[in-house]
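Structural overview for review
Chain by chain, the residues:
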Amino acid sequence: MADKRSQQARRGNRPAANPARKRSGPGSAKPGGMAEGSSGQAAAAGGKRSRGKPSASAATAVPVRELTARTGALPPGKAPLILEVGDEDGYRLIDSGRNAQGAGEKLELYGNLRIIRPEAQALWPRSLPEAEWSKADALFTGDTDEDGIGRWAFPHSPLGETWPMQLLGVDFHGRLTSFRHVGVFPEQIAHWRWMTERIARADRPLRVLNLFGYTGVASLVAAKAGAEVTHVDASKKAIGWARENQALAGLENRPVRWICEDAMKFVAREERRGNRYDIILTDPPKFGRGPNGEVWQLFDHLPLMLDICRELLSPKPLGLVLTAYSIRASFYAIHELMRETMRGAGGVVESGELILRESGEAGAGRALSTSLYSRWLPQ
């Protein structure tokens with residue numbers, strides 16, 4: 001088959017390239033407390049992960065308060081702990097590896113669509129023959145950088161902008177964005193399963209805070225499980241997409257608050273108000289802007305955000321989860337930050353990588369690392 005990358009991409013109804021400069025936080029993801037750069041998230045249509053670097057004139061936001069001086073013992077740590085997602089009802093990593101030009105790619109199944117996207121970490125040869133890859137419905141062309149803008153080519157027939165998907169029993173829309181993302185990050189299913197199990201086992205109503213929430217799939221999974229959810233993202237487009245997903249999932253009557261705001265400003269206000277949450281998910285980008293131009297820089301602002309999130313945990317919390325995409329750091333960096341944040345709180349800190357496993361016999365397919373994570377769990 002001729003390499004489709006050499007052909008002029010055919011545009012479907014593409015979303016705007018950058019509806020709101022906010023994560024995607026994996027951007028996103030990776031719209032968020034700031035626009036996906038919710039004070040950091042990337043715009044909903046543009047993907048969740050961060051888009052590029054801040055300009056030289058971008059000023060670092062003034063801290064909302066000083067870090068708390070913590071005392072007591074550091075929580076014990078478990079690292080590295082690899083959380084794996086394999087074949088799911090609604091998602092499969094079919095194959096990955098280098099194409100004829102030597103570029104890494106991944107072939108995925110999202111709902112009923114086969115999609116090819118760049119994947120720099122796929123350094124190995126493909127397992128499946130070209131005939132399988134040629135069945136793809138859409139492939140991303142253009143800038144192969146994680147934050148690069150591109151377009152979608154349709155080898156067989158033009159596709160619309162959205163299509164129906166379902167993960168963990170929640171219906172939502174996938175969407176082909178100009179930043180290669182499709183509105184969901186399936187590796188997060190590992191965190192979602194952990195969350196739903198704890199919500200199901202709880203003998204009380206639980207409150208979940210989802211920061212840099214992007215298109216709302218995690219929030220809807222929590223709401224379906226029975227939790228009261230507060231979803232924060234800085235992108236109006238992302239919030240609109242999330243509300244559409246709520247309607248598609250038939251969960252309009254579930255208690256979900258959709259808040260378009262800078263993530264740091266939101267958590268600082270919640271701390272002053274004394275609001276508390278049993279589970280906090282935070283998925284910030286490496287760089288982003290809030291709805292009013294607020295600047296988010298992961299390495300500058302993450303310590304304070306986690307510090308405030310600790311104060312937002314309820315008297316009987318179930319966990320604080322951090323995911324970090326597209327950053328030049330070891331998972332040990334966020335592991336030790338989480339341990340220091342939770343100094344004196346007891347519990348345990350688990351950290352490592354989220355991976356996707358290729359289809360095939362259990363454990364036989366290759367693993368593709370997607371992001372770093374760290375989570376604090378009580379005893």
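Scroll up for the structure.
I will try to describe carefully the structure that is included in this document. The structure presented is a predicted model; accordingly, all values stated were derived computationally and were not measured. (Residues numbered from 1 in each chain as written. Predicted model: local features only at pLDDT ≥ 70, side-chain atom pairs only at ≥ 80, totals over all residues. Heavy atoms only, no water.)

Looking only at helices and strands, the protein features seven helices and 20 strands. Residues counted as buried form 58% of the 379 residues belonging to the protein. Put simply, the protein shows about 14900 Å² of open surface, and 50% of that area lies on carbon and sulfur atoms. (Helix = DSSP H or I, 4+ residues; strand = E, 2+ residues; numbered from the N terminus. Buried < 20%, exposed > 50% of the residue type's maximum accessible area, 1.4 Å probe, protein only. Areas by Shrake-Rupley, 256 points an atom, 1.4 Å probe, with all protein chains shown as cover.)

Here Ala79 and Pro80 are connected by a cis peptide whose omega angle stands at -5 degrees. With respect to the helices, strands and loops of the structure, Pro80 is situated in the loop between strand E3 (77–78) and strand E4 (83–85). A positive phi angle, close to 50 degrees, is found at Leu168, a residue other than glycine. Among the residues examined, Leu168 registers a relative accessible area of 27% and is labelled partly exposed. Even without being a glycine, Phe212 presents a positive backbone phi close to 60 degrees. Along the chain, the position of Phe212 falls in the loop between strand E12 (207–211) and helix H3 (217–225).

Now for helix H5 (residues 263–273). Among all positions of H5, only Ala263, Met264, Phe266, Val267, Ala268 and Glu270 are buried. Along its buried surface, H5 packs onto E12, strand E13 (228–233), strand E14 (256–260), strand E17 (295–297) and helix H6 (298–312). N-capping of H5 is provided by Asp262, with a side-chain oxygen placed 3.3 Å from the backbone N of Met264. Just beyond H5, the residue with positive phi is Gly274, at close to 80 degrees. (Contact = heavy atoms within 4.5 Å. Polar contact = N/O pair within 3.5 Å; in protein donor to acceptor, adjacent residues only side chain to side chain.)

In terms of nonpolar packing, the biggest core is built from 52 residues, with Val184, Trp192 and Met195 touching the most fellow members. Residues in contact with Trp192, not counting those within four places in the same chain, are Leu167, Leu168, Val184, Phe185, Val217, Ala218 and Val221. Membership of the second largest hydrophobic core comes to 33 residues, among which are Leu209, Ile259, Ile280 and Leu306. (Core = buried A, V, L, I, M, F, W, Y, C linked by side-chain atoms within 4.5 Å.)

In this model H6 runs 20 Å from its N-terminal to its C-terminal C-alpha over 15 residues, within 8% of the 21 Å that 1.5 Å per residue would give. Of all 15 residues making up H6, 11 are buried, and the element is well covered by its neighbours. Those residues of H6 that fall on the buried side of the exposure criterion are Leu298, His301, Leu302, Leu304, Met305, Leu306, Asp307, Ile308, Cys309, Arg310 and Leu312. The inward-facing, buried residues of H6 abut E12, H5, strand E15 (279–282), E17, strand E18 (319–324) and helix H7 (331–341). (Expected span 1.5 Å × (residues − 1).)

Turning next to the packing of H5 against H6. Closest axis-to-axis distance for the H5/H6 pair is 9 Å, and the angle between their directions is 30 degrees. The two elements H5 and H6 meet at a crossing, and its hand is left-handed. Across from Ala263, Met264, Val267, Ala268, Glu270 and Glu271 in H5, the residues of H6 making contact are His301, Leu304, Met305, Ile308, Glu311 and Leu312. Looking at side-chain class alone, the contact of H5 with H6 contains eight nonpolar, one polar and three charged residues. (Axes fitted to C-alpha atoms, helices over the stretch in contact; angles between N-to-C directions. Left-handed = near helix turned anticlockwise from the far one by under 90°. Nonpolar A, V, L, I, M, F, W, Y, C, P; charged D, E, K, R; others polar.)

Looking now at the pattern of salt bridges. Under the definition given, this model contains 27 salt bridges. One salt bridge connects Arg204 with Asp278, and the closest N-O pair in it is separated by 2.8 Å. Here Arg204, found in the loop between helix H2 (189–201) and E12, pairs with Asp278, found in the loop between H5 and E15; they are 74 residues apart in sequence, far enough to count as distant. Assessed through its relative accessible area of 30%, Arg204 is described here as partly exposed. For Asp278, a relative accessible area of 5% corresponds to the buried category. Residues Arg366 and Glu358 are paired through a salt bridge, measuring 3.1 Å at the closest nitrogen-oxygen approach. Of the residues examined, Glu358 reaches a relative accessible area of 6% and is grouped as buried. In the salt-bridge network here, residues are joined through shared partners; they are Arg65, Arg70, Glu271, Asp307 and Glu311. (Salt bridge = Lys/Arg side-chain N within 4 Å of Asp/Glu carboxyl O.)

Another aspect to go through is the environment of Gly90. With respect to the helices, strands and loops of the structure, Gly90 is situated in the loop between E4 and strand E5 (91–98). On a C-alpha basis, the gap between Gly90 and Asp171 in space is 9.9 Å, while along the polypeptide they are 81 residues apart.

The subject of this paragraph is the sheet that holds E5. If you walk across this open sheet you meet the five strands as E5-E6-E7-E8-E9, and the pairing is mixed. Every interior strand has two partners, whereas the edge strands, E5 and strand E9 (150–153), have only one. Ignoring strand direction, the axes of neighbouring strands in this sheet form an average angle of 25 degrees. Taken together, the two bridges between strand E7 (residues 113–118) and strand E8 (residues 138–142) define a ladder with parallel strand orientation. Across the sheet, the residue bridging to Ile115 is Ala138, located in E8. (Pairing = 2+ DSSP bridges.)

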